[in-house]
Amino acid sequence: MMIRVRDLVMRLESGGRPVTILDGVSLDVAAGEVVAVTGPSGSGKSTLLGLIAGLDTPSGGSIAVDGVDVTALGEAELARFRRRTIGFVFQSYHLIPTLTAAENVAVPLELASAAEPLPTAARLLGEVGLAERAHHYPAQLSGGEQQRVAIARAVALSPPLLLADEPTGNLDSTTGGAIVDLLLALNRERGSTLLLVTHDAALAGRAARAVALRDGRVVNGHHRA
Ligand SMILES: Nc1ncnc2c1ncn2[C@@H]1O[C@H](COP(=O)(O)OP(=O)(O)OP(=O)(O)O)[C@@H](O)[C@H]1O
Ligand SMILES: [Mg+2]
């Protein structure tokens, strides 16, 4: 199992009052599977993704990613585990504005001391259809192009798990559809697992399975044929 979440609880203080953001979420995602996470604004989708990525510590429950209990890792181990295992794609791209597209993609390769980070980054940009844009800065790229750079960066170290939080949220529906095509193609070609948060029912329908959250609880987990 790539992801095994059990009875996950997240509580925070807000204005001095406790708020329950996730209220007993359990979820299994098999290796290679594509699962969409849907639900209204505030239902806990980003919180769930962040906890799976080890970006935050839950109040209760357990999370195993690729057999590793992420809640039990120390900060340095967690950083190493994340780099090796998880690629993360954000709604707002999160590219470094002072670096070119190729340099952005090369960042995780350099952090991992990979050989030839820039040529590898250029090859990855070719895979996402941006071979001609390698030397452009983020401000010189369209939203869809920036998101493709961010995806190339997320898959640079071939992580077995790709987490994407509303990766099409800032894009028109045609461009958003192309980004989902790209994520699905990478899932097929690389055999990686994809957990995709989206508001968009049409995009969620392209995943093999959708998990709907409401008020921090799973309200379904439908399989599609
Ligand atoms: N640091 C925090 N402190 C207090 N409340 C928080 C914090 N982070 C998130 N919340 C609350 O937790 C709930 C779930 O937030 P989350 O961002 O996970 O929702 P979401 O489903 O991703 O929503 P959206 O679709 O708008 O992105 C919201 O009500 C939010 O206000
Ligand atoms: Mg969110």
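So, here's what we can say about the structure. (Residues numbered from 1 in each chain as written. Chains lettered and ligands numbered in written order. Predicted model: local features only at pLDDT ≥ 70, side-chain atom pairs only at ≥ 80, totals over all residues. Heavy atoms only, no water.)

Describing the sheet that holds strand β5 (residues 68-69)
Strand pairing in a sheet takes place through backbone hydrogen bonds and is either antiparallel or parallel in direction.
Right, so step 1: Ordered in space as β2-β1-β4-β5, the four strands form an open sheet in which the pairing is antiparallel. The outermost strands of the open sheet, each flanked by one partner alone, are β2 (17-29) and β5.
Right, so step 2: In the sheet, strand β1 (residues 3-14) pairs with strand β4 (residues 60-65) via five bridges, with the strands oriented antiparallel. Bridging across to β4, R4 finds its partner in A64. (Pairing = 2+ DSSP bridges. Helix = DSSP H or I, 4+ residues; strand = E, 2+ residues; numbered from the N terminus.)

Things to note about unusual backbone geometry
Right, so step 1: The phi dihedral of E116 is positive, around 50°, even though this residue is not glycine.
Right, so step 2: Within the secondary structure, E116 sits in the loop between α3 (101-111) and α4 (117-127).
Right, so step 3: We classify E116 as exposed; its relative accessible area is 53%.
Right, so step 4: You will see that E166, though not glycine, has its phi angle at about 50°, which is positive. (Buried < 20%, exposed > 50% of the residue type's maximum accessible area, 1.4 Å probe, protein only.)

Here we look at the site of ligand 1
Right, so step 1: Taken together, L12, I21, P40, S41, G42, S43, G44, K45, S46, T47 and H199 make up all the residues around ligand 1.
Right, so step 2: Contact distances for ligand 1 include 2.5 Å between an oxygen atom and a side-chain N or O atom of S41.
Right, so step 3: Interatomic distance of 3.2 Å between a backbone N/O atom of S43 and an oxygen atom of ligand 1.
Right, so step 4: Against a free-state accessible area of 640 Å², the protein chains account for coverage of 58% of ligand 1.
Right, so step 5: Counting residues per element, the shell around ligand 1 draws most heavily on helix α1 (residues 45-52), at three residues.
Right, so step 6: Taken together, the residues of the shell around ligand 1 sort by class into three nonpolar, seven polar and one charged. (Near = heavy atom within 4 Å. Polar contact = N/O pair within 3.5 Å; in protein donor to acceptor, adjacent residues only side chain to side chain. Areas by Shrake-Rupley, 256 points an atom, 1.4 Å probe, with all protein chains shown as cover. Nonpolar A, V, L, I, M, F, W, Y, C, P; charged D, E, K, R; others polar.)

Side note on the pattern of salt bridges
Right, so step 1: On inspection of all chains with the given rule, the structure shows seven salt bridges.
Right, so step 2: Here R209 ties to E33 by a salt bridge, and the two come within 2.9 Å at their closest N and O atoms. With a gap of 176 residues between them, R209 in strand β9 (residues 209-214) and E33 in the loop between β2 and β3 (34-38) connect regions that are remote in the sequence.
Right, so step 3: Of the residues examined, R209 reaches a relative accessible area of 8% and is grouped as buried.
Right, so step 4: One connected set of salt bridges, linked through shared partners, spans R123, E127 and R190. (Salt bridge = Lys/Arg side-chain N within 4 Å of Asp/Glu carboxyl O.)

Overview of the layout of surface pockets
Right, so step 1: Space inside the largest pocket adds up to approximately 480 Å³.
Right, so step 2: Taken together, 17 residues make up the lining of the largest pocket; nearest its centre are R83, I86, G87, F88 and P108.
Right, so step 3: Secondary structure elements with two or more residues in the lining of the largest pocket: α2 (75-85), β6 (86-89), α3 and α5 (143-154).
Right, so step 4: Residue classes in the lining of the largest pocket are distributed as 13 nonpolar, one polar and three charged. (1 Å grid on protein atoms, 1.4 Å probe; cavity = no way out; pocket = protein on both sides within 12 Å on 5 of 7 lines; lining within 4 Å. Points joined across faces, edges and corners; volume = space filled by probe spheres on them.)

A look at the nonpolar core
Right, so step 1: Ranked by size, the top nonpolar core spans 39 residues in total, and within it V105, L125, V149 and L183 carry the most contacts.
Right, so step 2: For this core, the secondary-structure elements that each account for two or more residues are β3, α3, α4, α5, β7 (161-165), α6 (173-190), β8 (193-197) and α7 (201-204).
Right, so step 3: Broken down by element, this core gets its largest block of residues, six residues, from α6.
Right, so step 4: In this structure, L125 is in contact with A101, A102, V105, L130, A131, A134, V149 and A152, ignoring residues within four places of it in sequence.
Right, so step 5: Listed in part, the 29 residues of the second largest apolar core include I3, L8, L22 and V211. (Core = buried A, V, L, I, M, F, W, Y, C linked by side-chain atoms within 4.5 Å. Contact = heavy atoms within 4.5 Å.)

Brief notes about the side chain of Q146
Right, so step 1: In this structure, Q146 sits in helix α5.
Right, so step 2: A residue is classified by how much of its surface remains accessible, and Q146, at 16% relative accessible area, is buried.
Right, so step 3: Non-local contacts of Q146, meaning those with residues more than four positions away in its chain, are made with Y93, L95, P138 and L141.

As for α5
Right, so step 1: A rise of 1.5 Å per residue sets the reference length of α5, with its 12 residues, at 16 Å; its end C-alpha atoms lie 16 Å apart and thus fit the reference within 8%.
Right, so step 2: Across the 12 residues that make up α5, a large majority, 10, are buried.
Right, so step 3: Within α5 the residues assigned to the buried category are G144, E145, Q146, Q147, V149, A150, I151, A152, R153 and A154.
Right, so step 4: Against the buried residues of α5 lie β6, α3, α4, β7 and α6. (Expected span 1.5 Å × (residues − 1).)

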